[in-house]
Amino acid sequence: MTTPNGTAPRALCRADADGRITFELPASVAGDPEVRVLLRGRPAKGEPEPEEHALPLEPAGDGRLRAVLEPKPVLTEGRWDVLLVRAPGAGPERLRSGPRDLRTLLDGHSRAWPAPVAVRVPYATKDGHLALRTWLRPAHAETDRVDVGERTTRVTARLHGTEFTDDGVVRVRLRGSRDREVTVTPAVDADRRGFAFTVDHAELVGAETPDAPGYWDVYVLPEAGAAPVRAGRLLDDVADRKHSFVHPTARVGGATVRPYYTVDNDLSFDVGPAR
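What counts, and where the lines are drawn
One numbering rule holds for all chains: residues counted from 1, following each sequence as written. Only residues with pLDDT of at least 70 are given local features in this predicted model, and only at 80 or more are side-chain atom pairs given and counted; all residues enter the totals for whole chains, interfaces and linings. Hydrogen atoms and water are omitted, and side-chain values are computed over all heavy atoms in the structure. Any two of the Phe, Tyr and Trp rings considered here, Trp counted by its six-membered ring, make a pair once their centres fall within 6.5 Å; the pair's planes then place it as stacked at under 30 degrees, edge-to-face at over 60, or tilted in between. Secondary structure elements follow DSSP: runs of H or I of four or more residues count as helices, runs of E of two or more count as strands, with numbering from the N terminus. Throughout this description, buried means an accessible area under 20% of the type-specific maximum (1.4 Å probe, protein chains only), exposed means over 50%, and partly exposed covers the range between. Any Lys NZ or Arg CZ that is within 6 Å of a ring centre and within 35 degrees of that ring's normal is treated as a charge sitting over the ring. Here, any two strands with at least 2 DSSP bridges between them count as paired. For salt bridges, the criterion is a side-chain nitrogen of Lys or Arg within 4 Å of an Asp or Glu carboxyl oxygen.

(A) Broad picture of the packing of aromatic side chains. Per the counting criterion, the structure on display carries four aromatic pairs. For the pair Phe164 and Phe195, a centre-to-centre distance of 5.0 Å together with 75° between the ring planes defines the contact as edge-to-face. With Phe164 in the loop between strand S13 (152-160) and strand S14 (169-174) and Phe195 in strand S17 (residues 194-200), this residue pair connects regions lying 31 residues apart in the sequence. Of the two residues, Phe164 and Phe195, neither departs from the other in class, the shared state being buried. Plain terms: the ring middles of Tyr215 and Tyr260 are 6.1 Å apart, the flat faces sit at 70° to each other, and that makes the pair edge-to-face. One end of the pair, Tyr215, is in strand S18 (residues 214-221); the other, Tyr260, is in strand S21 (residues 255-261), with 45 residues separating them in the sequence. Overall, the relative accessible area of 6% leaves Tyr260 in the buried class. Aromatic ring contacts, followed pair by pair, group Phe164, Phe195 and Phe197 into a single cluster. In this arrangement the basic side chain of Arg230 is found over the ring face of Tyr219, its NZ or CZ atom lying 5.2 Å from the centre. A cation sits over an aromatic face here: Arg241 above Tyr261, 5.6 Å from the ring centre.

(B) Representation of the pairing of S17 in the model. Here S17 lies mainly inside the structure; five of its seven residues are buried. One ladder, built from seven bridges, connects S13 with S17; its direction is antiparallel. The residue bridging Thr152 from the neighbouring strand is Asp200, located in S17. Here two bridges tie strand S16 (residues 187-188) to S17, and the two strands are oriented antiparallel to one another. Considered in S17, the bridge of Ala187 is made with Ala196.

(C) Structural view of the pairing of S21. Within S21, six of the seven residues are buried, which leaves the element mostly enclosed by the surrounding structure. Here three bridges tie strand S20 (residues 250-252) to S21, and the two strands are oriented antiparallel to one another. In the sheet register, Ala250 faces S21, and the bridge partner there is Val257. The hairpin turn running from S20 into S21, its antiparallel successor, is two residues long, and Gly253 in that turn takes a positive phi close to 60°. Where S21 meets strand S22 (residues 267-273), seven bridges bridge the pair, whose relative direction is antiparallel. When the sheet's bridge partners are listed, Tyr260 is paired in S22 with Ser268. Count of turn residues in the S21/S22 antiparallel hairpin: five residues, of which Asn265 carries a positive phi of about 65°.

(D) Summary view of the pattern of salt bridges. Within this structure, the stated rule accounts for 28 salt bridges. Among the ionic pairs, Glu52 bridges to Arg40, the shortest N-O distance being 2.8 Å. Of this pair, Glu52 sits in strand S4 (residues 52-56) while Arg40 sits in strand S3 (residues 36-41), placing them 12 residues apart in sequence. Under the relative-accessibility criterion, Glu52 is labelled partly exposed at 40%. A salt bridge links Asp166 to Arg192; its shortest N-O distance comes to 3.1 Å. Taken together, the residues Asp166 in the loop between S13 and S14 and Arg192 in the loop between S16 and S17 connect sequence positions 26 residues apart. The class for Asp166 is exposed, based on a relative accessible area of 73%. One salt-bridge network, held together by shared partners, links Glu77, Arg137, Arg175, Asp217, Arg230 and Asp266.

Here is the structure:
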């Protein structure tokens, strides 16, 4: 059973720098000693039953109940609803989002993240419920500045979970295509993790003006033959940045080029006909 949002319990949430997340609820929710906070993943269409993790609620010593999600086990990548199960066999109730203390996540980009890179960001859904956005990747390229000029876009970023060798490159690939890609040699810092690269807008547009939008995704290959590492911005407190981080649009003849963040906070380029 899902309690209507107006009467659902409200959970406070705090994230720690090491990935630990603490949930706090009023003691009034405890009607049974086995009351639990339940994390339920949202499976994609056609996928099997959702993954679940149950967390015991225990007295916090201040008249509240507390459940702690430890850094391990890591959660699979996706979105997780935060629910309350008041007793064994009882239907789960969605929890409303109370205050979320995410201050420790603000400088996540400045820390060195080991492999695999496991990220958790609590957020409030559009209808006010508490949820988690999670990423789990073997390695990650965290973007910083994205500077859009008339002819080029320059991106600064940093690798986590891996590092560059002398033959590392950046590839910008047309989504859905096997052979349309632009390869760029990055300028790599002395520590082999920080880097910058510049994308020529004309190379994305090509010889002909596109008649429909095309989306170009940014990957980093730290060394020749390495698995591509997706570039994006994950290491802070923003669960969804597609509509909140909007970059300028450049015009190339009859086409436009605009870098943007996808629904997964990955960096891509939108290339299409000028309007």
